[in-house]
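Here is how the chains run, residue by residue.
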Amino acid sequence: KTGLEPHGGFNALALEDTNTGGTHAPLYTYLQMPFVKILGLNMFSVRLPSAILGLLTVVLFFFVLKKLFNSQKLAFLGMFLLAVNPWAIHISRQALGEAISLATILLGVTLYLYSQKKLYMFVLSAIFFGLSVFSYDAPKIFLPPFLALLIFFTKDRILKGKSYLLVFLLVVLFFYGTML
């Protein structure tokens, strides 16, 4: 309600964690705010964004598999397997940063793979990759080598538009810079 942390401080990019004395990634907290405002502070409103992100992740996984393997049957099978995966069910039922981390990275991958000569999709992809560093700690380490491999395996397509690659990298670096 006040925009301040429990001890009165303000840092929009790293919220204070009263349990550990450290900080935690703020993106899930910001995502919860409208649900808590509308539904009140209860388990349902706190966990609802995670459940929505879990459903979104399953749908995004379908599109990634369809694009990578050009098979609708395989994409449906992968979608089903992710939907019944105990780990995926667990993180989508709890109010955990892993849910938004997985969703933002998968949305970034989906937009990247479907961005056939469309700069705005590259930029959106980079924005979602960048937002993932504010969702959970793992993307801070995982994302740079992952993006390097993603660019390497799609270099034939992406190097045709070197300016797109430059914009993509600048946007991701902007998010990393603000995180640091």
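Colleague: Tell me about the side chain of Ser50, and name the residues and values.
Modeller: Of note, Ser50 is situated in helix α2 (residues 43-69). A polar contact of 2.6 Å, which involves the side chain of Ser50, links it to the backbone oxygen of Gln94. Once residues within four sequence positions are removed from consideration, Ser50 is found in contact with Tyr28, Ile91, Ser92, Arg93, Gln94, Ala95, Leu96 and Ala99.

Colleague: Report on the pattern of salt bridges, specifying residues and quantitative values.
Modeller: Per the stated rule, a full pass over the model turns up one salt bridge. Asp137 is the salt-bridge partner of Lys140, the closest N and O atoms lying 3.0 Å from each other. Note on Lys140: relative accessible area 28%, which makes it partly exposed. Judged by relative accessible area, which is 49%, Asp137 ranks as partly exposed.

Colleague: Account for the packing of helix α5 (residues 97-113) against helix α7 (residues 138-153), naming residues and giving values.
Modeller: Remark: α5 packs on α7, axes separated minimally by 13 Å, with the N-to-C direction vectors making an angle of 15 degrees. If you check the angle between α5 and α7, you find them roughly parallel. Crossing of α5 against α7: the hand is right-handed. Along its contact with α5, which presents Ser101, Ile105, Val109 and Tyr112, the element α7 presents Pro139, Phe142, Phe146, Leu150 and Ile151. Classifying every residue of the contact of α5 with α7 gives eight nonpolar, one polar and no charged.

Colleague: Now, about the confidence of the model for the protein chain: what can you tell me, with residues and values included?
Modeller: On average, residues of the protein chain score 86 in pLDDT, and 87% of them are at 70 or above. The element-level mean pLDDT for the protein chain is lowest in strand β1 (residues 15-16), coming to 63, with helix α3 (residues 72-83) highest at 96.

Colleague: Residues and numbers for the packing of α2 against helix α4 (residues 86-93), please.
Modeller: Orientation of α2 relative to α4, taken along the N-to-C sense of each, is 145 degrees, at an axis distance of 7 Å. In this structure, α2 contributes Arg47, Ser50, Ala51 and Gly54 to the contact, and α4 contributes Ile91, Ser92 and Arg93. Residue composition of the contact of α2 with α4, by class: two nonpolar, three polar and two charged.

Colleague: I'd like a rundown of the packing of aromatic side chains, residues and numbers included.
Modeller: Taken as a whole, this structure holds 13 aromatic pairs when the rule is applied. Geometrically, the ring pair formed by Tyr112 and Phe122 is edge-to-face, given 5.6 Å between the ring centres and 80 degrees between the ring planes. In this pair, Tyr112 sits in helix α5 while Phe122 sits in helix α6 (residues 119-132), placing the two residues 10 residues apart along the sequence. Taken individually, Tyr112 and Phe122 each receive the classification buried, so the pair is uniform in this respect. When the ring of Phe152 is compared with that of Phe153, the centres are 5.3 Å apart and the planes differ by 75 degrees; the resulting orientation is edge-to-face. With relative accessibility at 46%, the residue Phe152 sits in the partly exposed group.

Colleague: Which residues make up unusual backbone geometry, and what are the values?
Modeller: Unusually for a residue other than glycine, Asn70 sits at a positive phi of about 55 degrees. Mapped onto the secondary structure, Asn70 falls in the loop between α2 and α3.

Colleague: Before we move on, could you go through α5 and cite the residues and values that matter?
Modeller: When the terminal C-alpha atoms of α5 are compared, their 24 Å separation across 17 residues agrees well with the 24 Å that a helix rising 1.5 Å per residue should span. Within α5, 15 of the 17 residues are buried, leaving the element largely enclosed by the surrounding structure.

Rules used throughout
- Residues numbered from 1 in each chain as written.
- Predicted model: local features only at pLDDT ≥ 70, side-chain atom pairs only at ≥ 80, totals over all residues.
- Heavy atoms only, no water.
- Helix = DSSP H or I, 4+ residues; strand = E, 2+ residues; numbered from the N terminus.
- Polar contact = N/O pair within 3.5 Å; in protein donor to acceptor, adjacent residues only side chain to side chain.
- Contact = heavy atoms within 4.5 Å.
- Salt bridge = Lys/Arg side-chain N within 4 Å of Asp/Glu carboxyl O.
- Buried < 20%, exposed > 50% of the residue type's maximum accessible area, 1.4 Å probe, protein only.
- Axes fitted to C-alpha atoms, helices over the stretch in contact; angles between N-to-C directions.
- Parallel < 35°, antiparallel > 145°, perpendicular 65-115°, else oblique.
- Left-handed = near helix turned anticlockwise from the far one by under 90°.
- Nonpolar A, V, L, I, M, F, W, Y, C, P; charged D, E, K, R; others polar.
- pLDDT = per-residue confidence, 0-100.
- Phe/Tyr/Trp six-rings, centres within 6.5 Å; stacked < 30°, edge-to-face > 60°.
- Expected span 1.5 Å × (residues − 1).

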